[in-house]
Amino acid sequence: VPLVESGGGLVQAGGSLRLSCAASGGTFSRYAMGWFRQAPGKEREFVAGINWSGGSTYYADSVKGRFTISRDNAKNTVYLQMYSLKPEDTAVYYCAARWWDYDVGERKYDYWGQGTQVTVSS
């Protein structure tokens, strides 16, 4: 399942961005999706996950209440809406796919996008 992220950019602290991850292939609706991020000098970390139907979501504590993950299976796209951005949210954001249900472990995902840079200035 090829994945392509978009929507990253430079934003001031307190601002918002919406990331998109478009998938090609007809089985997108059966894949759970996750968003991960990797800041300079740090390991990649889980941000948010959504199951195949969109009926279940999960967030890292660091983004809970500020980020929202959603999906549109008709468009083969998953989104990450980010509000109240902080400088510590600066990272390369990746979307990833695995069969059926999300997981917080990056090794559980089978497909990855190339990443999109998010930079939050103070």
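Our subject is the structure that appears above.
Analysis parameters
- Residues numbered from 1 in each chain as written.
- Predicted model: local features only at pLDDT ≥ 70, side-chain atom pairs only at ≥ 80, totals over all residues.
- Heavy atoms only, no water.
- Helix = DSSP H or I, 4+ residues; strand = E, 2+ residues; numbered from the N terminus.
- Buried < 20%, exposed > 50% of the residue type's maximum accessible area, 1.4 Å probe, protein only.
- Core = buried A, V, L, I, M, F, W, Y, C linked by side-chain atoms within 4.5 Å.
- Phe/Tyr/Trp six-rings, centres within 6.5 Å; stacked < 30°, edge-to-face > 60°.
- Lys NZ or Arg CZ within 6 Å of the ring centre and 35° of its normal.
- Salt bridge = Lys/Arg side-chain N within 4 Å of Asp/Glu carboxyl O.

**Q** Please provide a residue-by-residue account of unusual backbone geometry, values included.
**A** Within the chain, N76 stands out as a residue other than glycine whose phi angle is a positive 55°. The topology assignment puts N76 in the loop between β7 (67–72) and β8 (77–82). Residue N76 is classed as buried on the basis of its relative accessible area, which comes to 19%. The backbone of W100 shows a phi angle near 75°, a positive value even though the residue is not glycine. Here W100 lies in the loop between β9 (91–99) and β10 (111–112). Judged by its relative accessible area of 39%, W100 falls in the partly exposed class.

**Q** Give a detailed account of the nonpolar core, specifying residues and quantitative values.
**A** With 36 residues, the main nonpolar core has M33, W35, L80, M82 and Y93 as its most contacted residues. Those elements that provide at least two residues to this core are β3 (17–23), β4 (31–38), β5 (45–50), β7, β8, β9 and β11 (116–121).

**Q** Any details on the packing of aromatic side chains? Residues and values, ideally.
**A** Inspection of the entire model under this criterion finds 11 aromatic pairs. Arranged with centres 6.4 Å apart and planes meeting at 80°, the rings of Y94 and W112 form a pair that is edge-to-face. Here W112 lies in strand β10 and Y94 lies in strand β9, a separation of 18 residues in the sequence. A residue is classified by how much of its surface remains accessible, and Y94, at 14% relative accessible area, is buried. Cluster of aromatic residues (ring-pair linked, three or more members): F36, F46, Y58, Y94, Y102, Y109 and W112. The ring of Y94 has R44 sitting right over it, with the charged end atom 4.8 Å from the ring centre. Positioned above the aromatic ring of W112, the side-chain terminus of R44 is 3.9 Å from the ring centre.

**Q** Which residues make up the pattern of salt bridges, and what values go with them?
**A** The final tally for this structure, using the stated rule, is six salt bridges. Across the salt bridge formed by R37 and E45, the nearest N and O atoms sit 2.6 Å from each other. Judged by its relative accessible area of 5%, R37 is buried. Put simply, R44 and E106 hold a salt bridge, and the shortest N to O gap is 3.0 Å. Taken as a pair, R44 in the loop between β4 and β5 and E106 in the loop between β9 and β10 lie far apart in primary sequence, 62 residues in all. We classify R44 as partly exposed; its relative accessible area is 24%. According to the relative accessible area criterion, E106 is partly exposed, its value standing at 29%.

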